[in-house]
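Each chain, letter by letter, is given below.
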Amino acid sequence: MRIVILGPPGSGKGTRARIIGDMYSVPVITTGDMLREVTTQGTRLGIVAKDYMDRGELVPDDIVNHIVAERLRKPDLEKGFILDGYPRSVAQADALDKILEEAGLKLDHVMVVDIKDETIISRLSLRRSCPKCGEIYHLESKPPKRNKTCDKCGFKLIQRSDDKEDVVRHRLVVYREKTQPLIDRYQKRGLIRVVDGDRPMDAIPAELRRLLG
Ligand code: AP5
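Just so it is clear, the model here is predicted, and its values are computed rather than measured.

Points about the state of the cysteines
A covalent bond between the sulfur atoms of two cysteines is referred to as a disulfide. In total, this model carries 0 disulfides according to the counting rule given. Cysteine Cys133 is unpaired, with the sulfur of Cys150 as its nearest cysteine sulfur at 3.7 Å. Given the relative accessible area of 30%, Cys133 is considered partly exposed. For Cys150, a relative accessible area of 0% puts it in the buried group.

This is the structure in structure tokens:
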């Protein structure tokens, strides 16, 4: 199963990607997590990426395309993959098409999470993430069992620096301008599956099973 998940920041892409990954035992490739990992390494690339991310801008296409192309060459993807947060621009969608074509592969679905901006703003203010394993929490709808630490790996949870309201609002503008146009491209190929981002957390697995079979 090869799936792309598109949607505005904070719409629940990562949450869904992880549920699908567990359900179908396929790796989840989250470009945001990969880039955040790069920013911790103190390299020039990491400093450049952090600057874009802290401002809520997309990291330049050539950097992201390179990172994703390397990841898609790894041997653990025979059963498929879930791309969470990639592609986000026409240049990235072109790069993905090329990688898949060269490998003789096709996407099965492009999932789009539909949700109101105001829900996003309030959700992201209460999001906490694990910087080690990437697990995602929400202080009300999915609180960690032990205060402030990850249920899965015990690491201290953080609030992402790009979850400040002004940066989130800018990420929304960038999404509409650069990423939303990709929906049309995949619609023409019959790949789009729209899901309701407002559904309660515990209804998500059943919705995904219905949609993906
Ligand atoms: P990235 O990390 O990908 O951020 P994003 O796309 O802005 O999305 P988020 O991770 O913020 O949210 P999400 O949709 O995954 O929602 P989540 O499941 O966490 O990217 C960050 C930055 O990296 C970008 O701004 C850019 O700079 C750079 N970048 C990344 N990819 C790039 C690319 N391809 N090209 C260039 N630059 C790139 O859910 C949000 C919250 O809501 C959580 O707390 C969750 O628990 C909660 N929640 C989810 N669903 C529900 C529900 N149904 N009910 C109640 N709460 C819910």
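Now that the structure has been shown, the text picks up again.
Structural notes on the environment of Lys142
Topologically, Lys142 is positioned in the loop between strand E6 (136-138) and helix H7 (165-179). Exposure remark for Lys142: the relative accessible area of 27% places this residue in the partly exposed category. The spacing of Lys142 and Met201 is 59 residues in sequence and 7.9 Å in space, taken between C-alpha atoms. If we ignore the near neighbours within four places in the chain, the residues touching Lys142 are Glu135, Ile136, Tyr137 and Met201. A distance of 3.1 Å separates a polar atom in the side chain of Lys142 from the backbone oxygen of Ile136.

Quick word on the sheet that holds strand E7 (residues 192-196)
Taken together, the 5 strands give an open sheet; going across it, the order is E2-E3-E1-E4-E7, and neighbouring strands pair in parallel fashion. With one partner strand each, in any of the chains shown, strand E2 (28-30) and E7 form the two edges of the open sheet. With direction set aside, neighbouring strand axes in the sheet form an average angle of 20 degrees. As defined by bridge partners, E2 adjoins strand E3 (residues 81-84) across 3 bridges and the pair is classed as parallel.

With respect to the packing of helix H2 (residues 31-39) against helix H3 (residues 44-55)
For the pair H2 and H3, the least separation of the axes is 7 Å and the interaxial angle reads 125 degrees. When the axes of H2 and H3 are compared, the pair comes out oblique. The hand of the H2/H3 crossing is left-handed. Facing Gly32, Leu35, Arg36, Val38 and Thr39 of H2, the residues of H3 in contact are Leu45, Gly46, Ala49, Lys50 and Met53. A per-class count over the contact of H2 with H3 returns 5 nonpolar, 3 polar and 2 charged.

Details of the packing of aromatic side chains
Across all of its chains, the model carries 0 aromatic pairs by this definition. The ring of Tyr52 carries the charged tip of Arg55 above its face, separated from the ring centre by 5.1 Å. Just above the ring of Tyr137 sits the side chain of Lys142; from NZ or CZ to the centre is 5.2 Å.

A look at the nonpolar core
In terms of nonpolar packing, the biggest core is built from 30 residues, with Leu6, Phe81, Leu83, Leu96, Leu107, Val110 and Tyr186 touching the most fellow members. Within the residue set of this core, elements represented by two or more residues are strand E1 (2-6), H2, H3, helix H4 (61-72), E3, helix H5 (90-103), strand E4 (109-114) and helix H8 (181-187). Per-element tally for this core: the top contributor is H4, with 5 residues. If we ignore the near neighbours within four places in the chain, the residues touching Leu83 are Ile3, Val4, Ile5, Ile29, Val68 and Leu96. Membership of the second largest hydrophobic core comes to 13 residues, among which are Ala17, Ile82, Met111 and Leu212.

Cut-offs and rules
Residues numbered from 1 in each chain as written. Predicted model: local features only at pLDDT ≥ 70, side-chain atom pairs only at ≥ 80, totals over all residues. Heavy atoms only, no water. Disulfide = S-S within 2.5 Å. Buried < 20%, exposed > 50% of the residue type's maximum accessible area, 1.4 Å probe, protein only. Helix = DSSP H or I, 4+ residues; strand = E, 2+ residues; numbered from the N terminus. Contact = heavy atoms within 4.5 Å. Polar contact = N/O pair within 3.5 Å; in protein donor to acceptor, adjacent residues only side chain to side chain. Pairing = 2+ DSSP bridges. Axes fitted to C-alpha atoms, helices over the stretch in contact; angles between N-to-C directions. Parallel < 35°, antiparallel > 145°, perpendicular 65-115°, else oblique. Left-handed = near helix turned anticlockwise from the far one by under 90°. Nonpolar A, V, L, I, M, F, W, Y, C, P; charged D, E, K, R; others polar. Phe/Tyr/Trp six-rings, centres within 6.5 Å; stacked < 30°, edge-to-face > 60°. Lys NZ or Arg CZ within 6 Å of the ring centre and 35° of its normal. Core = buried A, V, L, I, M, F, W, Y, C linked by side-chain atoms within 4.5 Å.

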